[in-house]
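Close look at the chain arrangement
Single-letter residue listing:
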Amino acid sequence: MKTLFIQLARLGDIYMTWPTLRAYHRTHPNTEIHILVREKFKEALFGIGIPLKIHVLPSAEVVEATEFSGFDSGLRQLKEFAQGLTQESFQSLINLSFSPFSSHLVKYLELGSEKAHSSVSVKGYTRTDDGFLKLPDDWSAYFFSQVGIQRENRLHVTDIFAEVSGVSLSPVDFSAPVVENLADGADVIIHIGGSEQKKRISLEVYKQVLQTLFSDRSELKDPRVWIVGSGQEEFQFAESLTAEFPRCTVTNKVNNFTLPQLISLIDQASLLIAPDSVTLHISSLTQTPVLNLSSNVNFWETGPKSPVSAVLEIKNSVIDLSELSRVINGLLKSEVLSSPKTFETVGWSLIEFIYFGGTPPKVRAALVEPLQQFRETNELMIKTLSSLEDKGRDELQVQVLERGDEILKLISDHFSDIQVLYRWYACEKMRIGPGTFESVCIETLNVHERLAKILETISPRKTEIKALVSRIKSGCQSLVHAKSLNEKSLQEIVERLFEFSQISIQIVSEENQNLCFELSRLLEEFLALLTKKEFNEIKLLLEYDMISHFQAWEESLSGPTERRQQPESQPRGSAGLD
Amino acid sequence: MRFQISEEIKVIEGLLLSTTNEERRLELNMMLEFLKEQIGVQK
């Protein structure tokens, strides 16, 4: 058996792939593992400690041929290389690159296997026969729709790589790279690089980091600090930084080390301080305590995996100095620090609900209206698709569906929490492969029905809530006028009250939170009286508290327009005098 | 170098407009995305 992993991203991504490769070797000991990487980054596989056949994409040759003889010549080189890979007769292709080029390359390799009459299983991005992006597995679909900056994903890329590859990671997969230890080292390594400009941290922040390290309150007295990085720009940056601390043991070591030497340094250090960069991902393998200075990235996805680690988000080059000191000293003592403050977001709750069977999120009141519009649009699209299924192609109905898609996108563009749902929906529709009009209709209908089920759970209909409130209010009024009350006559109102109590949790907002508190108090009082069978007291509670309470809910659930249309209340006694 | 690659990208994009053969389209798209990445790498 032979499996080809495709990892055409940068150094950091290759290190984040290590645990997956090791787990794959551990669970498929008889499979020959191959990996395709770029020439520039192949060094990042050094020391992995498992048998691996490395293939290198001949980028330079393809570019050179294109420059001198046109793209057809470059394409010939690329095809020759791909055909060479096909001759390896892989049974499995696992693409962890998530890029357009890699998806076309995988499709090309699939076609090659088809021509050779051998079958190959594919995980990760590929292409359909007519050239559209194909996401054959659910985890690639998850990556496509929910992973990235400004998105709600909180799963680490290392774990997603493992899921795409179908392996479970174990602590042994995170062991340190096998490299020769350097004789010399430092207590603290500060990496000033970053694969992209936006991830880099300002000089001001690094100055504050050094001030903290060399302060009287530091855990390490006169620590030996080495600044690492690569290139002329980073060298100058480190020169400026060290010049600020002439009497401290901080040294510019930019351009001094190879990648394996850097691994050894990080392995031996007491602390690494780094932005989202290759050193950070190395520290996840060496398990070195690490402070991640995070800027313009989703740290959930690419932050440290080392158990002794912390993330400080840098916004506008500002850093919380007391927090910096607490974190650095805690890490130097190898303390497992308390998790950073994490806020529950509707977006992440929605991801957990849609993808991982979590509990439905609490939907803010502001989302009730847009979710209802989302639901109504989806219902119209379901009807339209059912009609297309029955009557066949009809241009008008197809256009209705297109407008429906536009409306769903428009709503999600205005409410970021709904974007998670829209991205799931758009991705599932995209996953429908080429087929006959009828088969595409059936599969599209299936996506809309799944969307309807999600919406049904997370979005109580405003009209239904209002109807329930009215039913409870009129139920209370009837009970007040009843000759006598007993447990049986109260059974229905109890059920309705419980139903509404559940819904109120979903629609709680700043505006109605007092009503929600009041509701739980009333419900508690009601149940206490019911247990004691004090029916007269229940009657008084219904008459003097419950009816007015549900009147207030009715008003709260009416939109501002409806409220404006209501007559303004007049002082008692003034009615009819004008 | 970037200029030459950009020109080749334009040629492929033009060819894709008139190419219907699926296998040829796959090859052209593969090359197109490869070259786009090369430009990205050099940025």
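The present account deals with the structure reproduced in this document. For clarity, every value in this text was computed on a predicted model and none was experimentally measured. (Residues numbered from 1 in each chain as written. Chains lettered and ligands numbered in written order. Predicted model: local features only at pLDDT ≥ 70, side-chain atom pairs only at ≥ 80, totals over all residues. Heavy atoms only, no water.)

Examining the nonpolar core
If you look at the biggest cluster of nonpolar residues, it comprises 83 residues, and the most contacted ones within it are A:Y15, A:F374 and A:L421. Excluding anything up to four places from it in sequence, A:Y15 contacts A:E43, A:A44, A:L259, A:I263, A:V278, A:H281, A:I282 and A:L285. Counting residues in each nonpolar core, the second largest holds 34 residues, with A:F71, A:L105, A:V106 and B:F34 among its members. (Core = buried A, V, L, I, M, F, W, Y, C linked by side-chain atoms within 4.5 Å. Buried < 20%, exposed > 50% of the residue type's maximum accessible area, 1.4 Å probe, protein only. Contact = heavy atoms within 4.5 Å.)

Quick notes on the pattern of salt bridges
Residues and elements named next belong to chain A. By the definition in use, this model includes 32 salt bridges over all chains. K42 is paired through a salt bridge with E39; the nearest N and O atoms lie 3.2 Å apart. Across the pair E525 and R521 runs a salt bridge, and its minimum N-O distance is 3.0 Å. You can see E525 and its partner R521 sitting in helix α20 (residues 513-531), four residues apart, about one turn around the helix. Classification of R521 by relative accessible area gives partly exposed; the value is 39%. (Salt bridge = Lys/Arg side-chain N within 4 Å of Asp/Glu carboxyl O. Helix = DSSP H or I, 4+ residues; strand = E, 2+ residues; numbered from the N terminus.)

Quick notes on the pairing of strand β9 (residues 225-228) of chain A
All names here are of chain A. Residue alternation in β9 divides its side chains into two sets, V225 and I227 and W226 and V228, and both sets are buried. Summarising the sheet, strand β8 (residues 188-191) and β9 pair through four bridges and their orientation is parallel. Residue pairing across strands places I190 opposite I227, the latter belonging to β9. Bridge count for β9 against strand β10 (residues 250-252) is three bridges, and the pairing is parallel. Within the sheet, the bridge partner assigned to I227 lies in β10 and is N252. The parallel pair β9 and β10 is bridged by helix α8 (residues 232-243), and the resulting crossover is right-handed. (Pairing = 2+ DSSP bridges. Right-handed = clockwise from strand over helix to strand, strands pointing away.)

Topic: the side chain of A:S140
Residues and elements named next belong to chain A. With respect to the helices, strands and loops of the structure, S140 is situated in helix α5 (residues 138-146). Under the relative-accessibility criterion, S140 is labelled buried at 0%. Beyond its immediate chain neighbours, meaning those up to four positions away, S140 contacts F98, G124, Y125, L135 and V164.

Section: the packing of aromatic side chains
All names here are of chain A. Summed over all chains, the structure comprises 18 aromatic pairs over all chains. Taking the centre distance of 5.1 Å and the plane angle of 85 degrees together, the rings of F98 and Y125 count as edge-to-face. Taken together, the residues span a long stretch of sequence, with F98 in the loop between β4 (92-95) and α4 (100-115) and Y125 in the loop between β5 (121-123) and β6 (126-127) at a distance of 27 residues. By relative accessible area, F98 is classed as buried at 13%. According to the relative accessible area criterion, Y125 is buried, its value standing at 6%. Taken together, F98, Y125, F143, F144 and F161 form an aromatic cluster joined through their ring pairs. One cation-aromatic arrangement involves K253 over W226; the distance from NZ or CZ to the ring centre is 4.3 Å. (Phe/Tyr/Trp six-rings, centres within 6.5 Å; stacked < 30°, edge-to-face > 60°. Lys NZ or Arg CZ within 6 Å of the ring centre and 35° of its normal.)

Function-wise, these values are silent; they only describe arrangement.
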